[in-house]
Amino acid sequence: MSGSEKLTSSSSELDLDRPNIEDYFPSSSIQEPRGKLRLRDLLDISPTLTEAAGAIVDDSFTRCFKSNPPEPWNWNVYLFPLWCCGVVVRYLILFPSRVIVLTLGWIVFLSSFIPVHVLLKGHDKLRKKLERYLVELMCSFFVASWTGVVKYHGPRPSRRPKQVFVANHTSMIDFIILEQMTAFAVIMQKHPGWVGLLQSTILESVGCIWFHRSEAKDREIVARKLREHVRGIDNNPLLIFPEGTCVNNHYTVMFKKGAFELGCTVCPIAIKYNKIFVDAFWNSRKQSFTTHLLQLMTSWAVVCDVWYLEPQTLKVGETPIEFAERVRDIISVRAGLKKVPWDGYLKYSRPSPKHREQKQQSFAESMLQRLQER
Amino acid sequence: MGNTSSMLTQYDIEEVQEHCNCTFSQQEIVSLYQRFCQLDRNGGGFISAEEFLSVPEFAVNPVSQRLLRMLDGLNFKEFVAFLSAFSPRATTQQKIEFIFKVYDSDGNGRVAMNDMLEVLRDLTGQFISQQQREQVLTQVLEEAGYTKDSFLVLSDFMKVSC
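Residues numbered from 1 in each chain as written. Chains lettered and ligands numbered in written order. Predicted model: local features only at pLDDT ≥ 70, side-chain atom pairs only at ≥ 80, totals over all residues. Heavy atoms only, no water.

## Examining the overall build of chain A
Operational definition: Counting from the N terminus, the helices are DSSP H or I runs at least four residues long and the strands are E runs at least two residues long. The cut-offs for exposure are 20% and 50% of the maximum accessible area for each residue type, with area from a 1.4 Å probe on protein chains only; residues under the lower value are buried, those over the upper are exposed, and the others partly exposed. Using a 1.4 Å probe, accessible areas were evaluated by the Shrake-Rupley method; residue-level cover was limited to the displayed protein chains.
Each helix and strand counted, chain A has 12 helices and nine strands in total. Over its C-alpha atoms, taken along the principal directions, chain A stretches across nearly 85 × 60 × 35 Å. Within chain A, the proportion of its 374 residues that are buried is 47%. On chain A, roughly 18,600 Å² of surface is accessible, and the fraction owed to carbon and sulfur atoms is 62%.

## Looking at unusual backbone geometry
A positive phi angle is found at K162(A), which is not glycine, with a value near 55°. Here K162(A) shows up in the loop between strand 1 (148-153) and strand 2 (163-167). Residue K162(A) is classed as partly exposed on the basis of its relative accessible area of 42%. Residues other than glycine seldom take positive phi values, yet N21(B) does so here, at roughly 55°.

## Here we look at the nonpolar core
A general feature of soluble globular proteins is that nonpolar side chains tend to end up buried together. We apply this condition: Only buried residues count toward a nonpolar core, which is a set of Ala, Val, Leu, Ile, Met, Phe, Trp, Tyr and Cys residues joined through side-chain atoms within 4.5 Å. Contacts were defined at the residue level, with two residues in contact if any of their heavy atoms lie within 4.5 Å.
With 65 residues, the main nonpolar core has F58(B), L67(B) and F76(B) as its most contacted residues. Aside from chain neighbours lying at most four places away, what touches L67(B) is L49(A), A52(A), F58(B), F82(B), F98(B) and V102(B).

## Focus: the packing of helix 2 (residues 26-39) of chain B against helix 6 (residues 76-83) of chain B
All names here are of chain B. Let me state the cut-off plainly: Axis lines are fitted to C-alpha atoms, over the contacting stretch for helices. Their N-to-C directions set the angle, which ranges from 0 to 180 degrees. The crossing is said to be left-handed when, going from far helix to near helix, the turn is anticlockwise and less than a right angle, and right-handed when the turn is clockwise. Residues were grouped as follows: Ala, Val, Leu, Ile, Met, Phe, Trp, Tyr, Cys and Pro as nonpolar; Asp, Glu, Lys and Arg as charged; and all remaining residues, including Gly, as polar.
One can describe the packing of helix 2 onto helix 6 by two numbers: an axis separation of 11 Å at closest approach and a directional angle of 115°. For helix 2 against helix 6, the interelement crossing comes out right-handed. Together, I29, L32, Y33 and F36 of helix 2 and F76, F79, V80 and L83 of helix 6 make up the contact between the two elements. Considered class by class, the residues forming the contact of helix 2 with helix 6 number eight nonpolar, no polar and no charged.

## A closer look at the UniProt feature "domain: EF-hand" (unreviewed entry) in chain B
All names here are of chain B. The condition that has to hold: UniProt positions are given in the numbering used here, feature names are shortened, and annotations may be inferred rather than shown by experiment.
As annotated by UniProt and renumbered to match this structure, "domain: EF-hand" (unreviewed entry) occupies residues 27-62 and 91-126. Summarising residues 27-62: 61% helix, 0% strand, and an end-to-end C-alpha distance of 31 Å. This span, residues 91-126, is 67% helix and 0% strand, and a straight line between its end C-alpha atoms measures 35 Å.

## A short note on the sheet that holds strand 7 (residues 265-273) of chain A
Residue and element names in this part refer to chain A. Note the cut-off: Here a strand pair is declared whenever DSSP counts at least two bridges between the two strands.
Read from one edge of the open sheet, seven strands run 1-8-7-2-5-3-4, paired in mixed fashion. The sheet is open, and its two borders are formed by strand 1 and strand 4 (209-211), each paired with just one other strand. Shown here is a sheet whose adjacent strand axes are inclined to one another by a mean of 25°, direction ignored. Note that strand 7 and strand 8 (residues 302-308) share five bridges and pair antiparallel. In the sheet register, Y273 faces strand 8, and the bridge partner there is C304. Seen against the sheet, helix 9 (residues 218-231) touches strand 2, strand 3 (185-189), strand 4 and strand 5 (238-240) and runs at an angle of roughly 170° to strand 4.

## Re a positive patch on the surface
The condition that has to hold: Each patch groups residues whose relative accessible area exceeds 30% and which form no salt bridge, using 9 Å between like charges and 5 Å between nonpolar side chains of Val, Leu, Ile, Met, Phe, Trp and Tyr. Basic side-chain nitrogens of Lys or Arg form a salt bridge, by our definition, when they fall within 4 Å of a carboxyl oxygen of Asp or Glu. For the purpose of counting charges, residues Lys and Arg are taken to be positive, whereas Asp and Glu are taken to be negative. His and the chain ends are not included. For the purpose of locating charges, the reference atoms are NZ of Lys, CZ of Arg, CG of Asp and CD of Glu.
Residues K66(A), R285(A), K286(A) and R41(B) make up a contiguous surface patch of positive charge. Here K66(A) falls in the partly exposed class, since its relative accessible area comes to 36%.

## Here we look at the pattern of salt bridges
Going through the model one piece at a time under the given rule, you end up with 17 salt bridges over all chains. A salt bridge links R328(A) to E325(A), with the nearest nitrogen and oxygen atoms 3.2 Å apart. Here the residue R328(A) and the residue E325(A) both occupy positions in helix 11 (residues 320-335), the gap between them amounting to three residues, near one helical turn. Judged by its relative accessible area of 2%, R328(A) is buried. Between E15(B) and K77(B) there is a salt bridge, and its shortest N-O distance comes to 3.1 Å. Of this pair, E15(B) sits in helix 1 (residues 10-19) while K77(B) sits in helix 6, and the two are 62 residues apart along the sequence. Each of the salt bridges in this network shares a partner with another, and the network as a whole consists of D124(A), R127(A) and E131(A).

## Description of the packing of aromatic side chains
As a reminder, the rule being used: Paired rings are identified among Phe, Tyr and Trp, the last through its six-membered ring, by centres lying within 6.5 Å, and are further divided according to the angle between planes into stacked (under 30 degrees), edge-to-face (over 60) and tilted (the rest). Two thresholds decide whether a charge sits over a ring: the Lys NZ or Arg CZ must be within 6 Å of the ring centre and within 35 degrees of the ring normal.
Overall, the coordinates contain 22 aromatic pairs over all chains when judged by the stated rule. With 5.1 Å between their ring centres and 65° between their planes, F61(A) and F65(A) make a pair best called edge-to-face. Like F61(A), the residue F65(A) is buried in the burial classification. Judged by centre distance (6.0 Å) and plane angle (85°), the ring pair of W106(A) and F142(A) falls under edge-to-face. One end of the pair, W106(A), is in helix 5 (residues 79-119); the other, F142(A), is in helix 6 (residues 124-145), and 36 residues separate them in sequence. Grouping aromatic residues by their ring pairs yields a cluster made of W106(A), F109(A), F113(A), F142(A) and W146(A). One cation-aromatic arrangement involves K256(A) over Y345(A); the distance from NZ or CZ to the ring centre is 3.9 Å. The ring of F151(B) has R110(B) lying over it, and the distance from NZ or CZ to the ring centre is 4.2 Å.

The structure is reproduced here in structure tokens:
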């Protein structure tokens, strides 16, 4: 029976980050034996078993959502007091001043936004312009409250119809960081609590679209809303996170094709956070958004790079899925992320049976083919 | 064993190593424990079928249901023993024993044509008819010197693999 070497590297290097995800991708590992079909070939299920064991020991999907804690550096007698001073500064000096900045920001914002929203009901163009400016201002206050150091590369997004912006997703703060530069309209999951309140009042003014992950019919409704928005001349440019879920900023999961079949130009944006200062990944299974924000406000800084990349259009003969993969490739290369062949929504549901059927089909075909060889 | 905490003691590691016949090094056992804790999200000391199926790479595997029957309710020590057949240090004998266990789902030490048909059905799905499967299996069994009513035991598996 054939040996099973695939697990060699995985069990001894589980805590190292392997360079190439393709080493793990299942389809290439089934060998193609030749010759007449014998009993030992039918009984030998070791390739399939090895794949299953490989998935149990380490799999590329779970890795995308693991928040890797940084190496503890405060472990000796010289560094520990230094770290303690750092904690004091962060919690007792930085945090209160940030809270003050944020509160100030809210006061300024609300005292301008509410009058503008109510009084300028008739003059839509002016009102929209002012609201956009105010939302950008509020996002700048937010970013300042985490001492955000954001470096923008590339040309600023322009307001044109028939274009859509896509970016990789690490946390809800992605939206805030991008919004401080340009007021985007965004498509988001409706959240409960104070976040939901903000979404339904302020974000409505920049033109946001809501979806509900759990509702089945929702996709068509959302697709229609997207198309309408993109056609509108005066609407804010639309920002979409095609991954559909927050990933830990080391990997990208597969992009959903919804953004790529609207028939417009897609402008990719790549975002990469510098983990030395804080890990900006929002692990929604482990923390609420409030806890996440508090964690950011008690860290030193949020440092990230934002690249506005060259707009892409659907090439002749390319399907929307291929287009999505091409754009994902561009973003992953720019931000230094590894690509993973899984759909982000597998966090909430099981994979569809067609993956298993594909494997069954290729096994069945190879078996039948070998039967012909007599 | 400290299944509710995430710290393994040296005694724990040695106990696990002995249980799996030293097919894993101590470092590998520590890594496997980290993985076990990662998969065992509710901290019950064993990984439930749901938690295994939340790994999409495992869920799409054709023999996942068979393996789930073997994996159900295993604590960490048994989990490592289960995986020991996949270690590079495992002997061919151990690997064949594992494959035999996958076939022998009722654990009576004998594999009948029915068991082999079931595994073949898992692997080929609806792409080959039941009749064709029976035909192929009967044919290769007869070529190897068995009939379709014979039972295979572990020594038969060893013999066939050589």
